[in-house]
Amino acid sequence: MNKNKSYAGIDYFRMIAALLVITIHTSPLLSFSEIGDFILTRVIARVAVPFFFMTSGFFLISRYTRNTEKLKSFVRGTLQIYGIAILIYIPINAYNGFFSGNNLLPNILKDIILDGTLYHLWYLPAAVLGGSIAWYLVKKADYTRAIVITFGLYLIGLFGDSYYGIAEKIPVIHSFYDLIFQVTDYTRNGIFYAPIFFVLGGYIAEHPKKLSSVQSVGGFAVSLGMMLGEALTLHYYDLQRHDSMYLFLLPCMFFLFHALLHCKGNRFRLFRTSALVIYIMHPMVIVGVRLIAKILHMQNLLVNNSLIHFFVVSLASAAIGITAAEIWNRCDIGKRKRIPDTDRAWIEIDLNNLEHNARELQRAMPPKCSLMAVVKAEAYGHNAFTVSAHLNKIGVKSFAVATIDEGIALRKYGIRGEILILGYTDVHRVRDLKKYGLMQTVVSFEYAQALNQQNISVKIHIKIDTGMHRLGIPYDNFSEVKKVFAMRNLNVCGIYTHLCCSDNLLPDDIAFTEEQVNRFYRLIELMKHNNIPVPKLHMQSSYGLLNYPNLQCDYARIGIALYGVLTTPDYNTALKLDLRPVLSLKTRVVHIQNICKGESIGYGRAFTAERDSRIAILPIGYADGFPRNLSCGKGYAQIGNQLAPIVGRICMDQLAVDITEIEGIAIGDTAIMIGFDAAEELSAPIVADNSNSISNELLCRMGARLPVIERLVP
Ligand SMILES: *Cc1c(COP(=O)(O)O)cnc(C)c1O
């Protein structure tokens, strides 16, 4: 994501955009030049509202958005503001005779949902509707499709707006728009107008810095010029029904937004609330200024001179906006007491360490070999989405998962690059393999035949069994391998094997591993001999790389080492890399009690206090993946920089630790159960070892119930 520093331009432009909206409603140049006024208010100022939509899209929409919380809170917030605005403007609605019109109920509905209950308020329902449409399109499809669809909607809108004069002349289309205009007064709304700007905002957020500042500003200037030409032409031929939508508005906004991202500086959040208040309140200010001018008999000066009128309205609106924003900030209104995700127990992922490990591992590989990040089992409990999205951003292009559903989930998150499924997939799911661009491992010759018979071409890697006897075609069965290459629907992209004792440097294990390697290479030689084009080769996993770094392959499939730990506390590998643990498991003290000597704690009374003790209860248990094996003193929590032993049996959702010897512990204090910045006893390999397991199992069992918090220092 962009660094905060690059949002200064956006913050400042909010204010400019709010003032541009005021120009639309006050026509400052009208007293001097009609065409000047047209250019200012009907062309230039038309960037204001799309800018607000794009800004919302920029912060709201992302293919990496997994849950609907972000959308919900945006919709909720906007609707609240809309509700308040509707109430504020009821007197003006009443004054305008709104409530004495015919068809009151349908009109109210139509206005609330599409047109806004007063002319400028359409923006708020449009933001809700447009934002939601864009959010779903980007989430369900991808940017390309979302842009195509929202552009289609925009085109429909365009011909009901600035280009209506053309649509009107074609009978079929004319009746189509007649239909639309029964339901809404404008096509400039949340369906036809807003979505594309939301999508563009999200797109730019995820593809930052594609354009230099010169390109952005130049592109903006050219597009604005083209838009001006477009608007004047349409105006000249009297084609406009309304004048919000232009074709060149799209490139204009695209370049403008990029240009704003190039404005570096400190953020100015005050303008965010101010701009919104100005937007909502300025029509009220206009009414107020007119009223005061009338009372003071100063209409000539304050109202009839359009420029002075504009300045008075702008100044008054800005004063109200900034004051309201200040009060809002001071009183903490709106800063709803958000319950953080760290209220019970959580996983912290240090993305800087992940990035460091990825680079460190890549550096250890031979030049033509690249990292295939193994992100199966929720990236070993680290959250597949968080890990893969960050690796994608730093340029990792190959991933491996265990199951097809893990692969599909990654694609739905928007992960790009190759995804190899290491395990078995039912051949009837071949359509999904193709649809989501996944590569399937051929786990046996029979499997290859069955997959080929589905008559859908798929990318595969052939697995060779060189001695592990788990999956794969036996290394000495060259004729089967050859046949797989000849299968019509199987596009062989890779061939690989798995080493079963590369983690051990005992002589027997080294000999066995070398034999596995030789068997694999002999098969490859045989392929070359038979003029079979050699696809990508790979055989090392973490220990394969750490103990046999010089094997010549195209990929190394790295899992556990990427997460900065090794399987066991024995760190004796041929290659010693600076790997940094990525995951911490943390929780909070929720209850403290004093126990007298002789009293017991927990199920089965497995612990009896041998002295008067102070006991803290931590709301984490084996349902969170924290092993029950660590009960009764085999595990620890680090509280206040000291280790507190676990007492009694670990429950499904809680455990107790003895804090008698630790001073000053209070409810709410953080306790580390596994940690990259904690005592050595709390490193994953040692915690795993204490529970008679290995890091891989310990880590991958975590996360089902725990929120994952990312840490990333830019
Ligand atoms: C899980 C897995 C890996 C990754 O192993 P690590 O030891 O975690 O690096 C590599 N290859 C295959 C086939 C796997 O199943």
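## Overview of the overall build of the protein chain
A count of helical and extended segments in the protein chain gives 27 helices and 20 strands. For the protein chain, the spread of C-alpha atoms along the principal axes amounts to about 100 × 80 × 45 Å. Here the protein chain holds 714 residues, and 53% of them are scored as buried. Put simply, 72% of the contacts in the protein chain that link residues at least 6 apart link residues at least 24 apart. About 32,500 Å² of surface is accessible on the protein chain, with carbon and sulfur atoms providing 58% of the total. Averaging the positions of the 69 positive and the 57 negative side-chain charges in the protein chain gives two centres separated by 5 Å.

## Here we look at the nonpolar core
Grouped together as the largest cluster of nonpolar side chains are 114 residues, with contacts concentrated most on Val484, Ile495, Leu562 and Val657. In terms of domain composition, this core takes at least three residues from each of domain 3 (348-563) and domain 4 (583-711). Grouped together as the second largest cluster of nonpolar side chains are 85 residues, Phe58, Ile92, Met227 and Met281 included.

## Re the environment of leucine 354
Relative to the helices and strands, leucine 354 is located in helix α17 (residues 351-364). With relative accessibility at 0%, the residue leucine 354 sits in the buried group. Between the C-alpha atoms of leucine 354 and arginine 580, which are 226 residues apart in sequence, the distance is 7.6 Å. Not counting the four nearest positions on each side in its chain, leucine 354 is found in contact with Val387, His390, Leu391, Leu562, Tyr563 and Val582.

## Brief notes about the site of the ligand
Close to the ligand lie 14 residues; Lys376, Tyr380, Ser542, Gly559 and Ile560 are nearest. Surface burial for the ligand is 89%, taken as the share of its 390 Å² of free accessible area covered by protein chains. A molecule is said to occupy a pocket when more than half its atoms come within 2 Å of that pocket's grid points, and by this definition the ligand occupies the second largest pocket.

## Section: the environment of phenylalanine 181
Among the structural elements, phenylalanine 181 can be located in helix α10 (residues 171-183). C-alpha of phenylalanine 181 to C-alpha of glycine 160: the two residues are 21 residues apart in sequence and 8.7 Å apart in space. When sequence neighbours within four positions are dropped, the list of residues in contact with phenylalanine 181 reads Gly160, Tyr164, Tyr186, Thr187 and Arg241.

## A few points about the pairing of strand β4 (residues 418-421)
The side chains of a regular strand alternate, first on one face of the sheet and then on the other. Pairing analysis gives four bridges linking strand β3 (residues 398-401) to β4, with the strands arranged parallel. Opposite serine 398, over in β4, you have glutamate 418 as the bridge partner. After leaving β3, the chain enters helix α20 (residues 404-413) and then returns to the sheet as β4, a path that is right-handed. Where β4 lies against strand β5 (residues 439-442), two bridges are found, and the strand directions are parallel. Its bridge partner lying in β5, isoleucine 421 is registered against glutamine 440. This β-α-β element, β4 to helix α21 (residues 430-435) to β5, shows right-handed connectivity.

## As for a nonpolar patch on the surface
Together, Leu291, Ile292, Ile295, Leu296, Met298, Leu301 and Ile308 make up an exposed nonpolar region whose accessible area comes to about 640 Å². The greatest single-element share of the nonpolar patch, amounting to four residues, is contributed by helix α14 (residues 270-296). Judged by relative accessible area, which is 30%, isoleucine 308 ranks as partly exposed.

## Here we look at the domain arrangement of the protein chain
Under the domain assignment, the protein chain is made up of domain 1 (1-42 + 269-331), domain 2 (48-247), domain 3 (348-563) and domain 4 (583-711). Centre-to-centre separation of domain 2 and domain 4, based on C-alpha positions: 53 Å.

## A few points about the packing of helix α23 (residues 478-486) against helix α24 (residues 507-529)
Contact geometry for α23 and α24: axes closest at 11 Å, N-to-C directions at 55 degrees. With respect to α24, the axis of α23 lies oblique. Crossing geometry of α23 relative to α24 is assigned as right-handed. Where α23 abuts α24, its residues Phe478, Val481 and Phe485 lie against Leu523, Leu526 and Met527.

## A word on the packing of helix α8 (residues 143-158) against helix α11 (residues 194-206)
Interhelical geometry of α8 versus α11 gives an angle of 155 degrees and a closest axis separation of 8 Å. Considered as vectors, α8 and α11 are oriented roughly antiparallel to each other. Taken as a pair, α8 and α11 cross one another with a handedness that is left-handed. Together, Tyr143, Ala146, Ile147, Thr150, Phe151 and Tyr154 of α8 and Pro195, Ile196, Phe197, Val199, Gly202, Tyr203 and Glu206 of α11 make up the contact between the two elements. Across the contact of α8 with α11, the residue classes break down as 10 nonpolar, two polar and one charged.

## Focus on the pattern of salt bridges
All told, the structure shown has 25 salt bridges when counted by the stated rule. Notably, a salt bridge pairs glutamate 326 with arginine 330, separated by 3.5 Å at the nearest N-O pair. Here glutamate 326 pairs with arginine 330, and both are found in helix α16 (residues 306-330), just four residues apart, close to one helical turn. Glutamate 326 gets classed as partly exposed once you look at its relative accessible area, which sits at 30%. In this structure arginine 330 comes out as exposed when scored by relative accessible area, which is 68%. The partner of aspartate 624 in a salt bridge is arginine 705, with the nearest N and O atoms 2.9 Å apart. Taken together, the positions of aspartate 624 in the loop between β15 (613-618) and β16 (636-639) and arginine 705 in the loop between α27 (695-700) and β20 (708-711) put the pair 81 residues apart, joining distant regions of the chain. Given the relative accessible area of 38%, arginine 705 is considered partly exposed. One connected set of salt bridges, linked through shared partners, spans Arg344, Asp624, Asp653 and Arg705.

## A short note on the side chain of histidine 242
Looking at the secondary structure, you find histidine 242 in the loop between α12 (213-236) and α13 (249-261). Histidine 242 gets classed as buried once you look at its relative accessible area, which sits at 16%. Side-chain polar atoms of histidine 242 contact the side chain of serine 244, separated by 3.1 Å. Those residues within four positions of histidine 242 in sequence are excluded, and the remaining contacts are Arg46, Asp161, Ser162, Tyr186 and Arg188.

Procedures and definitions
Each chain carries its own residue numbering, running from 1 in the written order of its sequence. Residues qualify for local features only when their pLDDT is at least 70, as the model is predicted, and side-chain atom pairs are given and counted only at 80 or more; totals for whole chains, interfaces and linings, by contrast, use all residues. As a rule here, side-chain values cover all heavy atoms of the structure and leave hydrogens and water aside. Strands are runs of DSSP state E lasting at least 2 residues, helices are runs of H or I lasting at least 4, and numbering of each runs from the N terminus. Exposed residues in this analysis have more than 50% of their type's maximum accessible area, buried residues have under 20%, and partly exposed residues fall in between, with area computed by a 1.4 Å probe over protein chains only. Whether two residues are in contact is decided by their heavy atoms, any of which lying within 4.5 Å being enough. Note on areas: Shrake-Rupley, 1.4 Å probe, and residue coverage restricted to the protein chains presented here. As used throughout, the charge tally considers Lys and Arg to be positive and Asp and Glu to be negative, leaving His and the chain termini uncounted. Charge coordinates come from a single atom per side chain, which is NZ of Lys, CZ of Arg, CG of Asp or CD of Glu. Nonpolar core, defined: a set of buried Ala, Val, Leu, Ile, Met, Phe, Trp, Tyr and Cys residues in which side-chain atoms within 4.5 Å join the residues together. Delimitation of the domains relies on an automatic or database domain assignment. Any residue with a heavy atom positioned within 4 Å of a molecule or strand is treated as near that molecule or strand. Grid points spaced at 1 Å and placed over the protein atoms alone form the basis of the search, with a cavity being a set where a 1.4 Å probe fits but cannot get out and a pocket an open set showing protein on both sides within 12 Å along at least five of seven lines. Lining residues have an atom within 4 Å of a point. Each molecule is assigned to a cavity or pocket provided more than half of its atoms lie within 2 Å of the corresponding grid points. A strand pair is defined by DSSP finding two or more bridges across the two strands. Classification remark: right-handed applies to a crossover when, strands pointing away from the viewer, the course from the first strand over the helix to the second runs clockwise. Patch definition: residues with relative accessible area over 30% and no salt bridge; like charges joined within 9 Å; nonpolar side chains (Val, Leu, Ile, Met, Phe, Trp, Tyr) joined within 5 Å. For salt bridges, the criterion is a side-chain nitrogen of Lys or Arg within 4 Å of an Asp or Glu carboxyl oxygen. Convention adopted: a line fitted to C-alpha atoms gives each axis, helices being fitted over their contacting stretch, and angles between N-to-C directions are expressed from 0 to 180 degrees. Here is the rule for angles: anything less than 35 degrees is roughly parallel, anything more than 145 is roughly antiparallel, 65 through 115 is roughly perpendicular, and the remaining ranges are oblique. By the definition used in this description, the sense in which the near helix is turned from the far one sets the handedness, with an anticlockwise turn below a right angle giving left-handed and a clockwise turn giving right-handed. Following the grouping adopted for this structure description, the nonpolar residues are Ala, Val, Leu, Ile, Met, Phe, Trp, Tyr, Cys and Pro, the charged ones are Asp, Glu, Lys and Arg, and the polar ones are all others, Gly among them. N or O atoms closer than or at 3.5 Å make up a polar contact, with two conditions inside protein: a donor-capable atom paired with an acceptor-capable one, and, for residues adjacent in sequence, both atoms drawn from side chains.

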